[in-house]
Amino acid sequence: MKSKTNKKNNVKKNNHLYPFFHIKKWINFKGRLYDKQKNQIVDIERNVFSLPFYYSLGEKNSILEDCIQVFESKICEIIKRIDEADLEVVLSGKELELLKLYCVLCGSRHEFTCEVIKEDESGIYQSNQYLWGVHRVDTQTQAVEITQQIMDDFRKIDSMKDDIQSWIESNYIEPSYIYSKYTMGMHIVIARAEQPILCISNRFCIIENTMDSDFLYFYVPISPKTALFLVKSKYYLDEKTYYNTLSRFGGKYGNGMPDPYLSVILGENMEKELLCTYYLVRSCVHVKEFYFEKKKTCSASVRIRKFPKEVFRQYNKDIANRKAIH
């Protein structure tokens, strides 16, 4: 049994708001840390993007921080496979659910996540308090509360068998199949840059909403060349869903004509890259080319989408704050 002194020494004071296993990827690519406030480049040190006892609200314990590290150790291996893949990566249903939950954690574990609201020059629009899905937290206390709930969901999913089914649909799902209320009706998109141009800062995640606070997606950079999108399937599941959404939003908020696009950052030229790549599956038993809808899956081949550098530069611009690694 460990002594009380040893337990005290094991308390982690510095709580990372962005996991260090991600930051090391930028270090390996010779990334530089730019301090916008000082207008100078400084060395990247171990405790960058961390705050003392953040997850314990100032109390000298690391109970929640320790739980987060267990989650991160599970995700680290999945992220490694994604980084090493070229065209696609095969994920089990359980891995898919954990990865979606991890995206929620990345943007909900602190109050610094950047929110982009469609063409909101006035600054008067705020996030709706979504019953399902992701919204921006406003305070440290709220971030810690949500993180605790995410950890409860992580332990539940992690205790399940590896062949659990991930549900790929935006309609109502029976409560017994809801692994986490935060990821229901969401799907994963993997985006890849040609070169290591992605940057991160102390507000490293982006939530984009429409002008009417309709949540679209969550952007999470995971390495200098790769980012994850946690996307609302209700709007972006497939082409039919997407075009129906443009028509519905145009009739609801506009002049009756379909909206040209939903995402200001991606626009109409790139927005369809957010469609789910593992929802429609090609049949192996039909002579002619035929695809069928996959409502649930025990494994999925998630394609890696190539995004142009101009798109990532826009995210870099929106994500930059006082300190940024690029």
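Everything numeric here is computed off the predicted structure, so don't read it as measured data.

J.: Would you mind showing me how to read the side chain of R109 here?
T.: Positionally, R109 belongs in the loop between α4 (93-108) and β6 (114-117). In this structure the side chain of R109 is engaged in a polar contact, spanning 2.8 Å, whose partner is the side chain of Y55.

J.: Can you walk me through the confidence of the model for the chain in this structure?
T.: Caution applies to low-pLDDT regions: their predicted coordinates should not be interpreted in detail. In this model, the chain carries a mean pLDDT of 84, and residues with pLDDT of at least 70 account for 84%. Per-element confidence in the chain is highest for strand β8 (residues 186-192), whose mean pLDDT is 97, and lowest for helix α1 (residues 4-9), whose mean pLDDT is 47. Throughout residues 1-7 the model reports pLDDT below 50, and contacts reaching past four residues in sequence, or to other chains, amount to two contacts. Contacts from residues 128-132, a stretch scored under 50 in pLDDT, to residues over four places away or in other chains number 14 contacts.

J.: Looking at this structure, I do not really get unusual backbone geometry. What am I missing?
T.: Glycine aside, residues mostly have negative phi, and peptide bonds are mostly found in the trans state. If you check the backbone angles, F49 has positive phi at about 55° while not being a glycine. Here F49 shows up in the loop between β3 (40-42) and β4 (50-52). Residue F49 is classed as buried on the basis of its relative accessible area of 9%.

J.: Looking at this model, I keep getting lost on the environment of G250. Mind explaining?
T.: Relative to the helices and strands, G250 is located in helix α7 (residues 239-253). Under the relative-accessibility criterion, G250 is labelled buried at 0%. As for G250 and Y261, which are separated by eleven residues in sequence, their C-alpha atoms are 9.8 Å apart.

J.: Explanation requested: the pattern of salt bridges in the structure shown.
T.: Two side chains bearing opposite charge may form a pair once their charged atoms approach each other closely. Scanning the model with the defined rule gives twelve salt bridges in all. Across the salt bridge formed by E95 and R81, the nearest N and O atoms sit 2.7 Å from each other. Here the residue E95 occupies a position in helix α4, and R81 occupies one in helix α3 (residues 63-84), the gap between them amounting to 14 residues. A relative accessible area of 32% means that R81 is categorised as partly exposed.

J.: Which parts of the structure should I look at to understand the nonpolar core?
T.: Soluble, globular proteins show a tendency: their nonpolar side chains are buried together. Judged by nonpolar contacts, the single largest core of 96 residues is most densely connected at F71, Y217, Y219 and F229. Top contributing element to this core by residue count: α4, with nine residues. When residues no more than four places from it in sequence are discounted, the contact partners of F71 are L98, L101, Y102, L105, I150, M151 and F154.

J.: How should I be thinking about the packing of aromatic side chains in this particular structure?
T.: Ring pairs (aromatic) are described by centroid distance and by the angle formed between their planes. Going through the model one piece at a time under the given rule, you end up with 15 aromatic pairs. Pairing F229 with Y315 gives two aromatic rings, centres 5.9 Å apart and planes at 70°, and the pair type is edge-to-face. You can see F229 sitting in strand β12 (residues 226-232) and its partner Y315 sitting in helix α9 (residues 309-319), a full 86 residues away along the chain. For F229, a relative accessible area of 0% corresponds to the buried category. On the accessibility criterion, Y315 (0% relative accessible area) is buried. Chaining the aromatic ring pairs together yields one cluster made of Y217, Y219, F229, F307, F312 and Y315. Over the face of the ring belonging to F20 we find R46, whose NZ or CZ atom lies 4.1 Å from the ring centre.

J.: Just checking my understanding: could you explain the packing of α4 against helix α5 (residues 140-158) for this structure?
T.: Angle between the axes and distance between the axes are the two parameters that describe a pair of packed helices. At a minimum axis separation of 10 Å, α4 and α5 run at an interaxial angle of 170°. The angle between the axes of α4 and α5 places the two elements in the roughly antiparallel class. Each of K94, E97, L98, L101, V104, L105 and S108 in α4 lies in contact with α5, whose residues at this interface are A143, I146, T147, I150, M151, D153, F154, I157 and D158.

J.: What am I meant to see in the environment of Y54 here?
T.: Within the element layout of this structure, Y54 appears in the loop between β4 and α3. Accessibility expressed as a relative area gives 2% for Y54, which makes it buried. In this view, Y54 contacts N15, L17, R109, H110, E111, Q140, A143 and V144; residues no more than four positions away in its chain are not counted.

J.: Any chance you could explain α9 here in plain terms?
T.: Buried within α9 are the following residues: V311, F312, Y315, N316 and I319. Viewed end-on, α9 has its buried residues packed into an arc of 140°, placing them on one side of the element. Residues of α9 that are buried in the fold lie against β8, β9 (200-201), β10 (206-209), β11 (215-223), β12 and α8 (267-270).

J.: What is the right way to look at α4 in this model?
T.: Residues that lie three or four places apart on an α-helix share one face, since the helix turns once every 3.6 residues. With 16 residues, α4 should cover 22 Å at 1.5 Å per step; its first-to-last C-alpha distance of 23 Å lies within 8% of that length. With 15 of its 16 residues buried, α4 lies for the most part within the structure.

J.: What am I meant to see in the packing of α3 against α4 here?
T.: Where α3 meets α4, the closest approach of the two axes is 10 Å, and the angle between their N-to-C directions is 115°. The orientation of α3 with respect to α4, classified from their angle, is roughly perpendicular. Here the hand of the crossing between α3 and α4 comes out left-handed. On α4, the residues touching I68, F71, E72, I75, I78, I79, R81 and I82 of α3 are E95, L98, L99, L101, Y102 and L105. When its residues are assigned to classes, the contact of α3 with α4 shows eleven nonpolar, no polar and three charged.

Conventions and cut-offs
The numbers attached to residues start from 1 for each chain and follow its sequence in the written order. Side-chain atom pairs in this predicted model are given and counted only at pLDDT of 80 or more, local residue features only at pLDDT of at least 70, and totals for whole chains, interfaces and linings cover all residues. As a convention, hydrogens and water are excluded, and side-chain values are obtained from all of the structure's heavy atoms. Secondary structure elements follow DSSP: runs of H or I no shorter than four residues count as helices, runs of E no shorter than two count as strands, and numbering proceeds from the N terminus. Polar contacts, as counted here, are pairs of nitrogen or oxygen atoms within 3.5 Å of one another; within protein the pair requires one atom able to donate a hydrogen and one able to accept it, and residues that are adjacent in sequence qualify only if both atoms are side-chain atoms. Summary of the metric used: pLDDT quantifies the predictor's per-residue confidence within the range 0 to 100. In this analysis, two residues are considered to be in contact whenever any of their non-hydrogen atoms come within 4.5 Å of each other. Only protein chains enter the accessibility calculation, which uses a 1.4 Å probe; a residue is then buried when its area is under 20% of its type maximum, exposed when over 50%, and partly exposed in between. For this analysis, a salt bridge means a side-chain nitrogen from Lys or Arg found within 4 Å of a carboxyl oxygen belonging to Asp or Glu. Among the buried residues, those of types Ala, Val, Leu, Ile, Met, Phe, Trp, Tyr and Cys that are joined through side-chain atoms within 4.5 Å form a nonpolar core. Between 30 and 60 degrees the pair is tilted, below 30 it is stacked and above 60 it is edge-to-face, where a pair is any two Phe, Tyr or Trp rings, Trp via its six-membered ring, whose centres lie within 6.5 Å. We call a charge positioned above a ring when the Lys NZ or Arg CZ atom is no farther than 6 Å from the ring centre and deviates by at most 35 degrees from the ring normal. Convention adopted: a line fitted to C-alpha atoms gives each axis, helices being fitted over their contacting stretch, and angles between N-to-C directions are expressed from 0 to 180 degrees. Each angle receives one of four descriptions, namely roughly parallel if under 35 degrees, roughly antiparallel if over 145, roughly perpendicular if within 65 to 115, and oblique otherwise. What the arc describes is the spread of directions from the helix axis to the C-beta atoms. Here a helix's expected span is defined as the number of its residues, less one, multiplied by 1.5 Å. Left-handed describes a crossing whose near helix is turned anticlockwise from the far helix through less than a right angle; right-handed describes the clockwise counterpart. Only Asp, Glu, Lys and Arg are considered charged in this grouping, and only Ala, Val, Leu, Ile, Met, Phe, Trp, Tyr, Cys and Pro are considered nonpolar; every other residue, Gly among them, is considered polar.

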